[in-house]
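Spelled out from the first residue to the last, the chains are:
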Amino acid sequence: MKDLSRKSVCASLTNRIILNLLEMGYTWDDITKKSTIHPEEVATAHNRIPATKHYHLLTLLHQGGGEKWFLKRKDFSEDFFFNNENILDMFSEHAPHFSLLCLNSQSLREAINNYIKYRDIIGNVDTINCTLDGNSVTLEYFYEFEEFNYQFVSMINFIFISFIVNHYLDEKITFLVHSKSEKNNIFLNIFGYWRCNVEWAATKNAISFTTTHLDRPFSKFNDSLFYILKKMVDTDYARVTTADNIKEKVEQAIRESINKSNDDVKSGTFLNEICSRLSMSKTTLSRRLKSMDTSYKVIEKQVKLEEAVRMLNNSSLSIGDISWKLGFAAQSAFNKFFVDSMNITPLKFRKGN
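Report on the accompanying structure. (Residues numbered from 1 in each chain as written. Predicted model: local features only at pLDDT ≥ 70, side-chain atom pairs only at ≥ 80, totals over all residues. Heavy atoms only, no water.)

Here we come to the side chain of serine 99. Take serine 99: it is sitting in helix α6 (residues 96–103). You can call serine 99 buried: its relative accessible area is 2%. If near-sequence neighbours (up to four positions away) are discounted, serine 99 is found in contact with Phe91 and Ser92. (Helix = DSSP H or I, 4+ residues; strand = E, 2+ residues; numbered from the N terminus. Buried < 20%, exposed > 50% of the residue type's maximum accessible area, 1.4 Å probe, protein only. Contact = heavy atoms within 4.5 Å.)

Right under this line is the structure:
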C-alpha cells in the first residue's frame, strides 16, 4: 500500500461505507477489529478519518462483494440516478458549502476548478486532473486504491461533473466517458441518462466534453453569496490541508518513537520528544490539537492501537515485547488497553488472524 499518511476522508463519507458494511452483516466489533475505527470517530461529520483506516474499510467491502454486492441490494434502483434532486442531494450531502460554491461560480471553468481543488474537503484519497485542448475538456479520475477499481466511485464523480456542466450551459452537451471496467448494463443506462457515451475497458477513467462557453459569465452568479461560500470553503480547506499536518506530524512522531530500536523512549516521554521535534510547547500543541477537536492523548491512544494491531498481525514479536515497545509498564496494562479498545485480548486477536 502507498504512503497514505497525508490523506484522509470526512467522517460522514466513512460513515456511509460503515452503514453499507453493517447492512452486509458485519458488526461494529468486526469493523473496529479490522480498521480500528470506533463509533465515536464517525459521530461528528467534520472529523477526518485517516486514509489507512478508509483502506481497511474498502478491503472489507471488497471481501463482501464490493460493487457487485451494491448492485444486488434489494433497495438499489438505477432510476434513482435519473432524478436531478437525488443527484443534488448526493452532491451536497457531505459538504453543502462546497457543492454550493461549485454551483455559484463566475463561469463553468471556475466551477470545474473549484470542484477539483476543494474536493479534498470530502476526501483526498483520489484526484481529478483537468486537461484543456481548445474547446475540449477532459477530466481524468485517479483512485489511490487501484486494486479495488470501483466503477461506482468514478461514475458518481462523472455524474457530478455533467450535473455542473448542465447547470452552467443552456446547450445540451454529449459527454464521452472512458471506463477501465468491463461493460455493465446498469451503469450504461445511468450514463446514458446523463448523455454520456461510454468507452469500456479503456486505459483510463475519464470524462470529456466540448463547449465554446467555458468562460461565459454565469447569468445567475451571486457575488455576495460567492464571497460567503468561498470564505467558508477556504476555511474548511485550510483545516484539511494545513491544520491536519500538525496532527499527522504528531502521529508520525509517535510511530517513530514506538519503533525506535533503543531503550530510551517510553510512553511518558513521547510527548516531550514530539514537542522538542516540533519546536512547540505542550500548551501550544494542546491548543493546536484542540482546534481540531482532538488531543494528544486521543492521538497517542489511536496510534498505539494501530501499531499494536500491525505488530500482532505482521510480526513475530511476543506480546510482552509489543507491550514494551508501546511503552506500557506491564503486559497486564497493555492487555487491558487492548481489550477496552477491541473487545478481545491481544492473544485471541493474534490467533484469529
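So, on to the pattern of salt bridges. Using the criterion set out here, one finds twelve salt bridges in the structure. Aspartate 126 is paired through a salt bridge with arginine 119; the nearest N and O atoms lie 3.2 Å apart. Residue class for arginine 119 comes out buried when judged on its relative accessible area of 8%. Of the charged contacts, one joins arginine 310 and glutamate 307 as a salt bridge, the two residues approaching to 2.8 Å between their closest N and O atoms. With a gap of three residues between them, arginine 310 and glutamate 307 both fall in helix α13 (residues 296–314), about one helical turn apart. Residue glutamate 307 is classed as buried on the basis of its relative accessible area, which comes to 5%. Among the charged side chains, a salt-bridge network with shared partners connects Glu41, Lys53, Arg255, Glu306, Glu307 and Arg310. (Salt bridge = Lys/Arg side-chain N within 4 Å of Asp/Glu carboxyl O.)

Looking at the secondary structure, you find asparagine 114 in helix α7 (residues 108–118). You can call asparagine 114 buried: its relative accessible area is 8%. Contact partners of asparagine 114, with chain neighbours within four places excluded, come to Phe98, Leu101, Cys102, Ser105, Arg119 and Phe226.

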